[in-house]
Protein chains: 4
Amino acid sequence: MASSVVALDPAKQERRRQILAAAKTVFADSGYHGASIGAIIERAQIARGTFYLYFESKTAVFDSILDQAMKDLRARIRRIEVVEQTAAPPQVQLRAQVVAVFEYIVGDRPLAMLLLSAGHTPDVEAAERLDQFFGEIRDLLRRAVESGAEIGLLRKCHPELVAAAMLGMIRGVIELVIHDPSPPSIEVVVSEMLTVALRGVLA
Amino acid sequence: MASSVVALDPAKQERRRQILAAAKTVFADSGYHGASIGAIIERAQIARGTFYLYFESKTAVFDSILDQAMKDLRARIRRIEVVEQTAAPPQVQLRAQVVAVFEYIVGDRPLAMLLLSAGHTPDVEAAERLDQFFGEIRDLLRRAVESGAEIGLLRKCHPELVAAAMLGMIRGVIELVIHDPSPPSIEVVVSEMLTVALRGVLA
Amino acid sequence: MASSVVALDPAKQERRRQILAAAKTVFADSGYHGASIGAIIERAQIARGTFYLYFESKTAVFDSILDQAMKDLRARIRRIEVVEQTAAPPQVQLRAQVVAVFEYIVGDRPLAMLLLSAGHTPDVEAAERLDQFFGEIRDLLRRAVESGAEIGLLRKCHPELVAAAMLGMIRGVIELVIHDPSPPSIEVVVSEMLTVALRGVLA
Amino acid sequence: MASSVVALDPAKQERRRQILAAAKTVFADSGYHGASIGAIIERAQIARGTFYLYFESKTAVFDSILDQAMKDLRARIRRIEVVEQTAAPPQVQLRAQVVAVFEYIVGDRPLAMLLLSAGHTPDVEAAERLDQFFGEIRDLLRRAVESGAEIGLLRKCHPELVAAAMLGMIRGVIELVIHDPSPPSIEVVVSEMLTVALRGVLA
DNA sequence: CATGAATGAGTCTTCATTCAT
DNA sequence: CATGAATGAAGACTCATTCAT
């Protein structure tokens, strides 16, 4: 077989990535509205028209960034195995995942700022996309709480509410790490957060 | 009681409140950037120039709204008395305060939406103002955690981090209440949240 | 009774007229697309924003101009009275009308150029408006030819076709008058045109 | 037959024709300004750069189309022979020519639409080019009217004006034929038009 | 010759703010 | 004090044209 049919011109792919990176930074610095195409192309070192060669609109780049981030995050979140004997203990699995997610987000500062900015994106579609994304995570957490309660691992509680609280905690902690000039290490952050969260819900 | 030193013409004060209320709704509906002076003056039923008679700029109204909210919140938060014999038990005091705060925020839907929209407003000034607002609240929480730890009520922890987690939890839960079509009662919300939070940090 | 309720601020009306006049000239000089808002406001001696205070968009001014022109032209075209004894002879009525219409159009050079530019206006709506306008005139002509034939004044012919030819003649002649550096007088123009047209269709 | 002096590479010539055809359709559909190079090369199935290998600019293609049309029209118009005994009667010659011209134009719908769209193209150059095109035709007609008058065939008149009227008539009638969903046959059209025109100017 | 990625000047439109009445 | 007309800086997007491969 010859090389894949969908293999796009690598140079174009590279250009695209370059623009995406510039846009991500600018969006993170200035928010969606504050980010001007001018700022993006300046950072990307390209001409105005070139931008529109790779993205239909300002909204389109923004969406692209969100899509990629959501894909990456999803790839780092897996259902925790509690029954399989061969699997690591649940708390170990959990900790590993949380660390992975945190490292990904905190390692990509622009992305983190973008995600934290959630709430009010100007573009209705993008806002809905973000809402949906966080909704998914909240659902994931809620189901985890529910099954934890079923098997007696976790105390009886209002799963919806607890899930919302957990998600909020995560966001709050990330925000701290992002903004704090000398933030605690990821390890410390995750430990503290898990301690609070687990003590809050364990049976 | 003596009248305030800054007591302005009551008619002016009323006008000001009217504009503030209109602006709060518009900001809540459309975010900082999406809110136009046009929308605000239309809602406030005043002329364009009048707006600038009461506020220096768009940013100024926004700041005013946050200031008022912060003042209102502070008024609902008092140092919890742990030594005084006459005082109610700390947990009761705490619960009463949290309920008061929640009722204030959730009762003012526009304010709640405005605050939730936090993160990144495009306007640098506005974003900083919001950051500062939440920073103040986080400080409040951090000091509470610190003194709780000092008197041995709370476990040893990273106060900054725990405060951030708490603030995040609060935001997450408020978001749920605001957006959920049939949200749990404030009582339930506060109970659950306090349970999680306290178990997470009690010694 | 007080002054009319719909009497708009005369100053605003004047401003509007001023912009309209500037726009008409610019459109005539450069066509719809070639006309830039920049050119219009420069000619009207107003700021960019002011333009949008009086007109929603570039299209809106254009439409306004067309509307006015069509109204003015319609006011100059009346059904010719052939049965009434008191009326002037048909040919005299006809001549008077044609002269009036020509004087109006030729006297407003920008308008003439605009109308001649018909055909391809960029904006679909505007194009349809123009088509409709000329369609009305063609219908008027067709009905005139039809009734002329009925009463035996005009020869038997294909009314649709003849009407189209007449309308074309009018446009062609106007174009000449507009572009010719030293055009014949309106009197001559109308005489010659009516001669050709009448000889072409009289019984 | 000897080969033309300018005989270019036939392949290139073909390419050129292909682009010309595509451009003609696009211009007809969208007007000069509305036609984008993008649309033309898409229709012509060529790359962007290739277009500029065959034409200097957008204006150049437009000019080329008009030039070709003018050449084709001229090829269908010959001086009418009135003295030669062997020639067909003048009216027969005229009718044949007019039919030929009409068939050419109406048979090439894109060209017809392009020409009808005349008047004002936003681009000054293009507008001038169209004006020139019709100016040439008007001259042709004017000279015909002048010589007709000289030999006493036509009545004394203002040749310039009559030529303009004739040209307008032609345009008007073509417009009808092009836009009418069930237009009269070319034969009918030409007959009616010639009747009107000739009665209008014969001595 | 052909290609198509890159360019950047030029458009329309919005909106916070000012100021004469 | 109140008004609202006027302002103009700023931003997103288009498209004819060029040029390295």
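Residues numbered from 1 in each chain as written. Chains lettered and ligands numbered in written order. Predicted model: local features only at pLDDT ≥ 70, side-chain atom pairs only at ≥ 80, totals over all residues. Heavy atoms only, no water.

S.K.: Would you mind showing me how to read the relation of the copies chain C and chain D here?
M.R.: Between the two chain copies there is a screw-like relation: a rotation about an axis and a shift along it. Relative to chain D, chain C is turned by 177° and slid 0.2 Å along the rotation axis, the superposed coordinates differing by an RMSD of 1.2 Å. Put plainly, the chains are arranged around a two-fold axis. No C-alpha of chain C approaches the rotation axis more nearly than that of Gly200 of chain C, which lies at 2.0 Å. When the interface residues of chain C are mapped onto chain D, 87% of them again lie at the interface, so the same face is used by both copies. (Least-squares fit on C-alpha atoms with pLDDT ≥ 70 in both. Contact = heavy atoms within 4.5 Å.)

S.K.: Explain the protein's contact with DNA strand E here, please?
M.R.: Near DNA strand E lie 33 residues; those nearest to it are Gly49, Thr50 and Tyr54 of chain A, Arg48 of chain B together with Thr50 of chain D. By atom count, sugar and phosphate contribute 60% of the portion of DNA strand E lying within 4 Å of the protein. For DNA strand E, a phosphate oxygen lies 2.9 Å from a polar atom in the side chain of Arg15 of chain A. Contacts to DNA strand E include Lys58 of chain B, whose backbone N or O atom sits 3.0 Å from a phosphate oxygen. If you list the elements that add at least two residues to the surface near DNA strand E, you get α1 (10-34) and α3 (48-54) of chain A, α3 (48-54) of chain B, α3 (48-54) of chain C together with α1 (10-34) and α3 (48-54) of chain D. (Near = heavy atom within 4 Å. Polar contact = N/O pair within 3.5 Å; in protein donor to acceptor, adjacent residues only side chain to side chain. Helix = DSSP H or I, 4+ residues; strand = E, 2+ residues; numbered from the N terminus.)

S.K.: I would appreciate a short explanation of the protein's contact with DNA strand F in the present structure.
M.R.: Neighbouring DNA strand F are 33 residues, the closest being Gly49 of chain B, Gly49, Thr50 and Tyr54 of chain C together with Arg48 of chain D. Restricting the count to atoms of DNA strand F within 4 Å of the protein gives a sugar and phosphate share of 62%. Within the backbone of Ala35 of chain A, an N or O atom sits 3.3 Å from a phosphate oxygen of DNA strand F. Arg48 of chain D is positioned such that a nitrogen or oxygen atom in its side chain is 2.6 Å from a base oxygen of DNA strand F. Mapped by element, the contributors of at least two residues to the surface near DNA strand F are α3 of chain A, α1 (10-34) and α3 of chain B, α1 (10-34) and α3 of chain C together with α3 of chain D. Its residues assigned to classes, the surface near DNA strand F shows 13 nonpolar, 9 polar and 11 charged. (Nonpolar A, V, L, I, M, F, W, Y, C, P; charged D, E, K, R; others polar.)

S.K.: When you look at the interface of chain C and chain D in this model, what are you seeing that I'm missing?
M.R.: Note: interface size is frequently given as the accessible area lost on complex formation between the parts. Contacts between chain C and chain D engage 38 residues on the former and 41 residues on the latter. Applying the counting rule to chain C against chain D returns 4 salt bridges. Note that Arg155 of chain D and Glu192 of chain C form a salt bridge whose closest N and O atoms lie 2.9 Å from each other. Run the count over chain C and chain D and you get 7 residue pairs in polar contact (both at pLDDT 80 or more). Of all elements in the fold, only α1, α6 (109-116), α8 (159-179) and α9 (186-201) of chain C reach the threshold of two or more residues within the side of chain C that touches chain D. Ranked by residue count, the leading element in the side of chain C that touches chain D is α8 of chain C, at 14 residues. Here the residues of the side of chain C that touches chain D are counted per class, giving 18 nonpolar, 12 polar and 8 charged. (Salt bridge = Lys/Arg side-chain N within 4 Å of Asp/Glu carboxyl O.)

S.K.: Mind showing me how you'd approach the packing of aromatic side chains here?
M.R.: On inspection of all chains with the given rule, the structure shows 24 aromatic pairs over all chains. Ring centres of Phe27 of chain B and Tyr32 of chain B lie 5.5 Å apart, and the angle between their planes is 10°; this geometry places the pair in the stacked category. Both residues of the pair, Phe27 of chain B and Tyr32 of chain B, belong to the buried class. Through pairs of rings, three or more aromatic residues link up here, namely Phe27, Tyr32 and Phe62 of chain A. Sitting over the ring of Tyr32 of chain A, Lys58 of chain A keeps its end group 4.8 Å from the ring centre. (Phe/Tyr/Trp six-rings, centres within 6.5 Å; stacked < 30°, edge-to-face > 60°. Buried < 20%, exposed > 50% of the residue type's maximum accessible area, 1.4 Å probe, protein only. Lys NZ or Arg CZ within 6 Å of the ring centre and 35° of its normal.)

S.K.: Would you mind showing me how to read the interface of chain B and chain A here?
M.R.: Each side of the interface is counted separately: chain B has 40 residues, and chain A has 39 residues. Interface area for chain B against chain A, summed over the two sides, is near 3200 Å², with a carbon-plus-sulfur share of 63%. Inspection of the region where chain B meets chain A yields 4 salt bridges. Between Glu175 of chain B and Arg171 of chain A there is a salt bridge whose closest N-O contact spans 3.5 Å. At 13 residues, helix α8 (residues 159-179) of chain B tops the list of elements feeding residues into the side of chain B that touches chain A. Class assignment of the residues belonging to the side of chain B that touches chain A gives a composition of 19 nonpolar, 12 polar and 9 charged. (Buried area = accessible area lost by both parts, 1.4 Å probe.)

S.K.: What is the right way to read the nonpolar core from this model?
M.R.: Buried together is how nonpolar side chains tend to be arranged in soluble globular proteins. With 126 residues, the main nonpolar core has Phe27, Phe51 and Phe102 of chain C together with Phe27, Phe51, Phe102 and Phe133 of chain D as its most contacted residues. There are two domains that each give this core at least three residues, and those are domain 1 (9-55) and domain 2 (62-201) of chain C. Core analysis: the next-biggest nonpolar cluster, separate from the first, contains 125 residues, Ala44 and Val177 of chain A together with Tyr54 and Val173 of chain B among them. (Core = buried A, V, L, I, M, F, W, Y, C linked by side-chain atoms within 4.5 Å. Domains from an automatic or database assignment.)

S.K.: Would you explain the domain arrangement of chain A in this entry?
M.R.: All names here are of chain A. Looking at the assigned domains, one finds that chain A contains domain 1 (8-55) and domain 2 (59-201). Here domain 1 and domain 2 have C-alpha centroids that lie 28 Å from each other. On the domain 2 side, the residues contacting the 11 residues of domain 1 number 13 residues. With both chains or domains summed, domain 1 and domain 2 bury close to 1100 Å², and 79% of this area falls on carbon and sulfur atoms. Applying the counting rule to domain 1 against domain 2 returns 1 salt bridge. Ionic pairing is found between Lys24 and Asp108, a salt bridge with its closest N-O pair at 2.7 Å. Our count for the domain 1 to domain 2 interface comes out at 3 residue pairs in polar contact (both at pLDDT 80 or more). The greatest single-element share of the side of domain 1 that touches domain 2, amounting to 9 residues, is contributed by α1.

S.K.: Is there a simple way to think about the pattern of salt bridges in this case?
M.R.: Where side chains of opposite charge bring their charged atoms close, a pairing between them can arise. Summed over the entire model, instances satisfying the criterion amount to 38 salt bridges over all chains. Where Arg74 of chain C meets Glu136 of chain C, a salt bridge forms, and the shortest distance between an N and an O atom there is 2.7 Å. Residue Arg74 of chain C is found in helix α4 (residues 58-76), and its partner Glu136 of chain C is found in helix α7 (residues 124-150); the two are separated by 62 residues along the sequence. Assessed through its relative accessible area of 37%, Arg74 of chain C is described here as partly exposed. Each of Asp139, Arg142, Glu146 and Glu160 of chain B takes part in salt bridges that share partners, so that together they form one network.

S.K.: Explain the relation of the copies chain B and chain A to me, please; I cannot follow it from the model alone.
M.R.: Least-squares fitting of chain B to chain A yields an RMSD of 1.3 Å, with the transformation described by 0.2 Å of translation along the axis and a rotation of 177°. With an isologous cut-off of 70% or more, the 85% of interface residues of chain B that recur at the interface of chain A puts this contact in the isologous class.

S.K.: What exactly am I supposed to notice about the side chain of Gln97 of chain C here?
M.R.: All names here are of chain C. Along the chain, Gln97 turns up in helix α5 (residues 90-107). Residue classification places Gln97 among the buried residues on the basis of a relative accessible area of 17%. Apart from the residues lying within four places of it in its own chain, the contact partners of Gln97 are Arg76, Ile77, Arg78, Arg79 and Ile80.

S.K.: Would you mind going over the environment of Val189 of chain B with me for this structure?
M.R.: For Val189 of chain B, the location among the structural elements is in helix α9 (residues 186-201). Residue Val189 of chain B is classed as buried on the basis of its relative accessible area of 0%. When the C-alpha positions of Val189 of chain B and Ala39 of chain B are compared, they lie 34 Å apart, and in sequence the two are 150 residues distant. Apart from the residues lying within four places of it in its own chain, the contact partners of Val189 of chain B are Leu161 of chain A together with Phe102, Val173, Val177 and Pro184 of chain B.

S.K.: Would you explain the arrangement of the chains in this entry?
M.R.: Regarding chain B and chain C, the two do not touch, and the least distance separating their C-alpha atoms is 13 Å. Left apart from each other, chain A and chain D have a closest C-alpha approach of 13 Å.

S.K.: Where do I start with the confidence of the model for chain A in this structure?
M.R.: Do not read the fine detail of predicted coordinates wherever pLDDT is low. Averaged over every residue, the pLDDT of chain A is 85; the share at 70 or more is 91%. Per-element averaging of pLDDT across chain A places helix α6 (residues 109-116) of chain A at the bottom with 81 and α3 of chain A at the top with 97. (pLDDT = per-residue confidence, 0-100.)

S.K.: Help me understand unusual backbone geometry in this model?
M.R.: Note on backbone geometry: most residues besides glycine have negative phi, and most peptide bonds are trans. All names here are of chain A. Even without glycine at this site, Gln45 takes up a positive phi of about 60°. Inspection of the secondary structure puts Gln45 in the loop between α2 (37-44) and α3. Among the residues examined, Gln45 registers a relative accessible area of 70% and is labelled exposed.

S.K.: What is the right way to read the packing of helix α4 (residues 58-76) of chain A against helix α5 (residues 90-107) of chain A from this model?
M.R.: The description of two helices packed together rests on the angle between their axes and the distance between the axes. Residues and elements named next belong to chain A. The geometry of α4 relative to α5 is characterised by a closest axis approach of 9 Å and an angle of 160° between their N-to-C directions. The orientation of α4 with respect to α5, classified from their angle, is roughly antiparallel. In the crossing of α4 with α5, the sense of the turn from one axis to the other is right-handed. Contacts between α4 and α5 pair Gln68, Ala69, Asp72, Leu73 and Arg76 from the former with Gln97, Ala100, Val101, Tyr104 and Ile105 from the latter. Across the contact of α4 with α5, the residue classes tally to 6 nonpolar, 2 polar and 2 charged. (Axes fitted to C-alpha atoms, helices over the stretch in contact; angles between N-to-C directions. Parallel < 35°, antiparallel > 145°, perpendicular 65-115°, else oblique. Left-handed = near helix turned anticlockwise from the far one by under 90°.)

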